[in-house]
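# Analysis of the macromolecular model
If you want the building blocks of each chain, they are given just below.
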Amino acid sequence: MSSDFEGYEQDFAVLTAEITSKIARVPRLPPDEKKQMVANVEKQLEEAKELLEQMDLEVREIPPQSRGMYSNRMRSYKQEMGKLETDFKRSRIAYSDEVRNELLGDDGNSSENQLIKLREERAHLLDNTERLERSSRRLEAGYQIAVETEQIGQEMLENLSHDREKIQRARERLRETDANLGKSSRILTGMLRRHETLCRGRTNRLRMDEA
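Residues numbered from 1 in each chain as written. Predicted model: local features only at pLDDT ≥ 70, side-chain atom pairs only at ≥ 80, totals over all residues. Heavy atoms only, no water.

## Re the overall build of the protein
Put simply, the rule is: A run of DSSP states H or I qualifies as a helix once it reaches four residues; a run of E qualifies as a strand once it reaches two. Both are numbered from the N-terminal end. Burial classification: accessible surface area is computed with a 1.4 Å probe over protein chains only, and a residue below 20% of its type maximum counts as buried, one above 50% as exposed, and the rest as partly exposed. The contact rule is simple, with two residues in contact once any of their heavy atoms fall within 4.5 Å. The method behind every accessible area is Shrake-Rupley, applied with a 1.4 Å probe, and residues are considered shielded solely by the protein chains displayed.
Helix and strand counts for the protein stand at four helices and zero strands. Reading the secondary structure of the protein in the N-to-C direction produces α-α-α-α. Across the 211 residues in the protein, those meeting the buried criterion constitute 22%. Summarising the internal contacts of the protein: among those between residues at least 6 apart in sequence, 77% fall at separations of at least 24. When the accessible surface of the protein is totalled, it reaches about 15600 Å², and 52% of it is carbon and sulfur.

Here is the structure:
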């Protein structure tokens, strides 16, 4: 079950990386290429949503005791999906602004320079956002590993505690057994001594009667 989830997870990572790259390129493309790129990104966003749905179904099939780790990862991927959709909307707005400027005939050097500057700033922001998202995913993965390690350590300590209790109970039973064996040995020794005394008494009586 987890192998299927991880397969979808890898596909989602590759697809979102492609989407992020294309979103960053949208504001810098010529109008015709922009239209094609926007349609392409929309299609890939739908594919990413379908992958999330498949991953969500896989998580529901995982036993409850093991589901927490995957649920945390799903929340992270859904947040990433929402961020991609927001960035895509901003990229399309930038595209619409340029088209409006072209229709209004605003092609002076000043406006063109401002437009280039805005494109560069938006691209820079998208790059920074992508780096922050990657850092956030790495931190979350590291935190999840730490939580899992802590859980494993706690389970090991609990198991050691149970084993220690079993060993202590076994030692107590051994001491009780030793004590019982010692008591039984003393009883048997006393019985043997009494038996020897009786035997010696009978022997002496027989000798006196023969005499």
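## Side note on the UniProt feature "coiled-coil region" (unreviewed entry) in the protein
Note the cut-off: UniProt positions are given in the numbering used here, feature names are shortened, and annotations may be inferred rather than shown by experiment.
Taking the numbering used here, the UniProt-annotated feature "coiled-coil region" (unreviewed entry) corresponds to residues 34–61 and 115–180. Secondary structure across residues 34–61 comprises 100% helix and 0% strand; the distance between its end C-alpha atoms is 41 Å.

## With respect to the side chain of Asp-87
Our working definition: Counting of polar contacts relies on pairs of N or O atoms within 3.5 Å, with two restrictions inside protein: one atom must be capable of donating a hydrogen and the other of accepting it, and residues adjacent in sequence are counted only when both atoms are side-chain atoms.
With respect to the element layout, Asp-87 can be found in helix α3 (residues 64–103). Separated by 2.7 Å, the side chains of Asp-87 and Lys-83 make a polar contact. Residues within four places of Asp-87 in sequence aside, it is in contact with Ile-23, Leu-126 and Thr-129.

## Some points on the side chain of Glu-80
As for its position among the elements, Glu-80 is in helix α3. Once residues lying within four places of it in the same chain are set aside, the contact partners of Glu-80 are Phe-12, Thr-16 and Arg-137.

## Quick look at the environment of Leu-84
Note on placement: Leu-84 falls in helix α3. Residues Leu-84 and Thr-16, 68 residues apart in the sequence, show an inter-C-alpha distance of 7.9 Å.

## Some thoughts on the nonpolar core
Applied cut-off: Buried Ala, Val, Leu, Ile, Met, Phe, Trp, Tyr and Cys residues form a nonpolar core when they are joined through side-chain atoms within 4.5 Å.
Residues Phe-12, Ile-19, Ile-23, Val-41, Leu-45, Leu-52 and Met-55 are the most contacted members of the largest nonpolar core, which totals 25 residues. Going through the elements one at a time, α1 (2–25), α2 (31–61) and α3 are the ones with two or more residues in this core. Every residue in contact with Met-55, bar those within four places of it in the chain, is listed here: Phe-5, Tyr-8, Glu-9, Phe-12, Met-74 and Tyr-77.

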